[in-house]
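So you can see what is in the structure, the chains are spelled out below.
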Amino acid sequence: LRGPDMAVALHLHSASGQPGEQEPAIIRYLVIEQPPRWNMLNPRSLPRRFSVYGKLANSTLEEPYTVSLGDFSYLVAAPSAQAFRLDTSVGALQGLRVVFEGPGQGGSYICIYRIRAF
């Protein structure tokens with residue numbers, strides 16, 4: 001990711017995977033997985049600080065990702081896969097938006113390998 005709006009949105013679909021079917025869910029954790037440090041081409045491209053916002057199950061807002069689910073830091077001196085507990089008090093969600101706070105490790109971009117939500 002590069003530029004002023006470094007964000008990733010995840011839209012939840014039904015368990016059947018049929019297009020257009022939405023099944024809201026309570027998301028408890030967001031996991032960011034990066035390669036092992038010894039295998040990183042550019043460790044300065046790792047993310048650092050980020051915020052997670054949710055799209056409520058019955059949201060009709062024009063800008064749907066407005067509910068804050070937490071602010072977090074991805075730590076370089078920690079395992080490459082890190083789990084972050086989200087605020088579940090908001091209830092069921094249709095999607096998540098992860099907003100990164102600039103290139104946190106001093107690089108000119110952020111490289112994200114895998115994001116999981118469950």
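Scoring rules and cut-offs
- Residues numbered from 1 in each chain as written.
- Predicted model: local features only at pLDDT ≥ 70, side-chain atom pairs only at ≥ 80, totals over all residues.
- Heavy atoms only, no water.
- Phe/Tyr/Trp six-rings, centres within 6.5 Å; stacked < 30°, edge-to-face > 60°.
- Helix = DSSP H or I, 4+ residues; strand = E, 2+ residues; numbered from the N terminus.
- Buried < 20%, exposed > 50% of the residue type's maximum accessible area, 1.4 Å probe, protein only.

**A look at the packing of aromatic side chains**
For the structure shown, the criterion picks out five aromatic pairs. With centroids separated by 5.6 Å and ring planes inclined at 35°, the aromatic side chains of Phe-50 and Phe-72 adopt a geometry described as tilted. Of the two residues, Phe-50 is situated in strand β3 (residues 49-56) and Phe-72 in strand β4 (residues 65-73); the sequence distance between them amounts to 22 residues. Each member of the pair, Phe-50 as well as Phe-72, is classed as buried. Pairing Phe-50 with Phe-84 gives two aromatic rings, centres 5.0 Å apart and planes at 85°, and the pair type is edge-to-face. Of this pair, Phe-50 sits in strand β3 while Phe-84 sits in strand β5 (residues 81-85), and the two are 34 residues apart along the sequence. Classification of Phe-50 by relative accessible area gives buried; the value is 2%.

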